[in-house]
Amino acid sequence: MGLQSRETWAQRLGAFRASPAAFMAAPEGEELGRELLSDLRSEKLNEQTKVSLLALSLEYPAQLWPDAPGAEAAATSFLDTLVLLPPRPSALRQPLLLAATTALVAGGVLGPTSGASLRLLPLLLGLASGGDLGRGFVPSSEQRPLQATAFECLRELESCKPGLLAGCLGLLRGLLGQEGLVAPVQPVSLLLTLALRNTLVIQARAKASLQGLLTVRTSPTGGGPWNWTLAQEGDAHLQPQAPSWPAAEEECGLSALEPSPEEARELRAAVAQLLDTSYLLTPVAQAQVLWLLGWALRGLRGQPPVLFKPQLVRLLGTAQLTLLHAVLALKAAFGEALFTAQDEALLLRRLTVAAQHPALPLPAHLFYLHCLLSFPENCPLGPAGEEAAPLLLEPQLCRGLLPSLLHDPMALLARLHLLCLLCADDKEEEKGQGQSPRCYLGELLAGLRQRAALSGGPRALTTLCFQASYLVAHCLAGQPTVLTPLTHGLAQLYRARPALAPHFVDLLDQVGPELGEPLRVALQQEVVSRPGRDEALRWHLQMLAKVADRDAQSATLSFLQAAAAHCTDWGLQQALLQVCRALLRTGVGGGLADLLQTLARQLEDPDGRDRARLYYILLGHLSEPKLGVALGPSLAVPALASSLVAENQGFATALMVQEAPAPVRLSVGPERGEGPVPVLQLQVEVLEPVYSLELRFRAEGQLCAPLGAVHVPCLCPGRPAHPLLLPLQPRRPAPTQLDIQALYTKPTGLTCYAHLPPLPVKFADLFLPFPKPPEGARLGFFEELWDSCLPKGTESRLWCPLGPQGLKALVSRHLEPFVMVAQPPTSYHIAICLPPDSKLLLRLEAAQADGVPVVLRTDDWTVLPLVGDYLRGLSTAV
């Protein structure tokens, strides 16, 4: 397709943005990236259209150039277009720089082997440092904007390849020292901070020094200061923007970095230089500099936290939320090494007072409350990770932060969270002065439940009530004086409005046993005390399916029997049977069988009758463990046409033999050189309790006769297991491999099978000894065997290396059962029987320091390569 007009490109770009995947899948999408690069060089398109094309390449680089060669070609084309621009002001230079950087990063081709990378990096560094690139490359009116863009591109590259600009630290320090005469302060500060932090972390992980990186002033045209080695080590993608401050407690391993005194002095100077110029930056940029420097210097030897003290004096009274957040991050990083108790009290008072300002926007209000809830104390009393109110935060100071029903839901929950932390520290003897936090909490929860009980009220009020209940249960799980009235209040709420049953089910799924168990009992009592013909029967059955168990069995069955007569439609019948299913899983017996039999006869819907009959059959034929598994959650997709089909899918999954990960590990133990056939001694390691284990073996090829199965009644982890004996019946004396399947029963009653890793059978595992003749007749017996191998057999000679252990140790370790005649330590006659009917005879005589000559005879010439490999490997075998 040739050059396209502005209107055509506008239509194509609109269609692409509407559905990028569909556009690229169409035939016209195949050439979109190539046509975009081609038309960027056309002089017939105006700059506005070209800027639109470059904007598309910035937003969708992975779709336009999905593979590495395409991304490399795109970046090269962008750079060529940039170089060919006429020396007059143009709106394309900045987008072209950004597009080339984005293509390299998104395509994953940034590296020392990329030609575009080696062109882009010197260009960016030359633009950033204000160097002369020749031939009027940058008009004077564009120098500052293009310089800022170059810094942004370098920061993006350093973020994606941490450590890439480690060799530029000295150059960036020099640019920062010129205080904006050559380069703008903010881009230089952000880039230097990020590069310094990445270099420190990577060098610490590599346990290397800074190697003078802070003092080397590299020219941008001097061959490239790019440290691809550090970039490869830093490919773990260090976070360029630090997370919230609780994560700052994690160790980053910087204590392993041991800079020399000169390097420590230069590092302090670089940090002080960045901090001294930070007041010139925007609040967001200042916060990022403080974040990165604080995170990088935490735990680093020779870098005292007092370097940050002048900035704290300046920022403790700041009204900028980003800067306040950065200050709290420094407090989490350095603690009492940088913040005194007076500083901590001042910060807490500032946060508390600011959070109470009546004109504060909701996001800022939530920010201050979050800072109070996650305040990094100097000396917290509880264990790490435990939620608690700050020690210096007095309840009187928080009177204005108590939640009210008039607050926004998000603000109410945040204030409620703070109130719960205060209630956890509330002492019973402190009730003399005003209303205690626990009393206020109880009244607030009662007001929330009262609003949620209003029929037809907004759904948001109901949701807020249950969110508040969950928050209280989470924060005050060990406070029965709070949870008991909360349980009674929730039960009364259900009594007033049974339609909230789905909310109660969700709450029971989320809360712990401290609230969940008493609430379950209270709700079960509420339901079964109602008549079975209640107009809210649907909600009662849904609630009972969640809370029913062995307790109150007779009352539950009486309720169901009374409700069965009023379950006239399909939905109510299915809800009733769902309760029966829940009772089956809990092990309820006799009375339930009568109810199921009644339902199987009386229900009007055939689907309900069949399901009740199925439950009755399962109850009569399955044990309790099998019944619980069969009625557990099914992974099958339920069929909408019939509930019975969905049930059968679940039962079939539970009752059939299922494939599972192997719970057993097998290994070959010491060789057993006795008996008429070779026997493998298998060592067993079990990962979980296994019952009725059956191991099935199959030898690959036709080298071995079919093997019998091995049965083990029970195996448990931690208990010693006897070795398993597996007799082999080789058809030829050659190594093979055994495929293994395990069939077993889990403690839950499920029968499973698993494939175990193949087990190799080595050549030596087939060795059997000849019957030993009397002591005086052994030499004659060996000579008879030796002579019988010829002329049908064969004779061979080879060299067996010994290694440091010598011949005697080698024979005693590997061939002792087969020695027929011995004259240690220099001569051994060995006779080996190879099933089914072959023999192998060895003469080891005249041993030398590094080996022994071996003369062997056998009546089966096909084993010669195996014997040679076996003997040559004895010296290295363990």
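Not measured: the values here are computed from a predicted model.

Colleague: I keep staring at the overall build of the chain and nothing clicks. Help me out?
Modeller: Counting secondary structure elements, the chain contains 34 helices and 14 strands. Considering the chain as a whole, with its 878 residues, one finds that 49% of them fall into the buried category. In the chain, 70% of the contacts between residues at least 6 apart in sequence involve partners at least 24 apart. Counting every atom, the chain has about 41,100 Å² of accessible surface; 56% of that belongs to carbon and sulfur.

Colleague: Teacher, can you tell me more about helix α14 (residues 283-297) here?
Modeller: For an α-helix, 3.6 residues make a turn, and residues three or four places apart therefore share a direction. Helix length check: α14, at 15 residues, gives a terminal C-alpha distance of 21 Å against a target of 21 Å (1.5 Å per residue), a fit within 8%. The buried fraction of α14 is high, at 13 of 15 residues. Remark: G299 follows α14 within two positions and exhibits a positive phi of approximately 85°.

Colleague: Would you mind showing me how to read the confidence of the model for the chain here?
Modeller: Regions with low pLDDT carry predicted coordinates that are not meant to be interpreted in detail. When pLDDT is averaged along the chain, the result is 83, and 88% of the positions lie at 70 or above. Every residue in residues 219-223 is under pLDDT 50, and counting partners more than four places away or in other chains gives four contacts. Predicted confidence for residues 239-252 stays below pLDDT 50, and this span has 25 contacts to residues more than four positions away or in other chains.

Colleague: Would you explain the nonpolar core in this entry?
Modeller: Soluble globular proteins tend to bury their nonpolar side chains together. L36, F78, L97, L196 and F308 are the most contacted members of the largest nonpolar core, which has 118 residues in total. Those residues in contact with L196, other than ones at most four positions away along the chain, are L169, L214, L267, V271, L274 and L293. Counting residues in each nonpolar core, the second largest holds 71 residues, with A501, L537, L592 and L614 among its members.

Colleague: Honestly, the pairing of strand β3 (residues 679-686) in this entry has me stumped. Any pointers?
Modeller: Successive residues of a regular strand alternate their side chains across the two faces of the sheet. Taken across its eight residues, β3 has six buried, putting it largely inside the fold. Bridging between strand β2 (residues 664-668) and β3 involves five bridges; their strand directions are antiparallel. Note that in β3 the partner of S667 across the bridge is Q683. Looking at chain direction, β3 and strand β6 (residues 724-727) are connected through four bridges and run antiparallel. When the sheet's bridge partners are listed, V679 is paired in β6 with P727.

Colleague: Explanation requested: the pairing of strand β13 (residues 838-844) in the structure shown.
Modeller: Along β13, seven of the seven residues are buried, which leaves the element largely enclosed by surrounding structure. Neither face of β13 is open: one carries S838, L840, L842 and L844, the other K839, L841 and R843, and all of them are buried. Sheet topology places strand β12 (residues 827-834) next to β13; seven bridges connect them, and they run antiparallel. Note on β13: the bridge partner recorded for Y828 is L844. In this structure, the hairpin formed by β12 and β13 is closed by a connection of three residues. Across five bridges, the pairing between β13 and strand β14 (residues 851-858) is antiparallel. Within β14, the residue paired with L842 across the bridge is L856.

Reading the values: the criteria
Residues numbered from 1 in each chain as written. Predicted model: local features only at pLDDT ≥ 70, side-chain atom pairs only at ≥ 80, totals over all residues. Heavy atoms only, no water. Helix = DSSP H or I, 4+ residues; strand = E, 2+ residues; numbered from the N terminus. Buried < 20%, exposed > 50% of the residue type's maximum accessible area, 1.4 Å probe, protein only. Contact = heavy atoms within 4.5 Å. Areas by Shrake-Rupley, 256 points an atom, 1.4 Å probe, with all protein chains shown as cover. Expected span 1.5 Å × (residues − 1). pLDDT = per-residue confidence, 0-100. Core = buried A, V, L, I, M, F, W, Y, C linked by side-chain atoms within 4.5 Å. Pairing = 2+ DSSP bridges.

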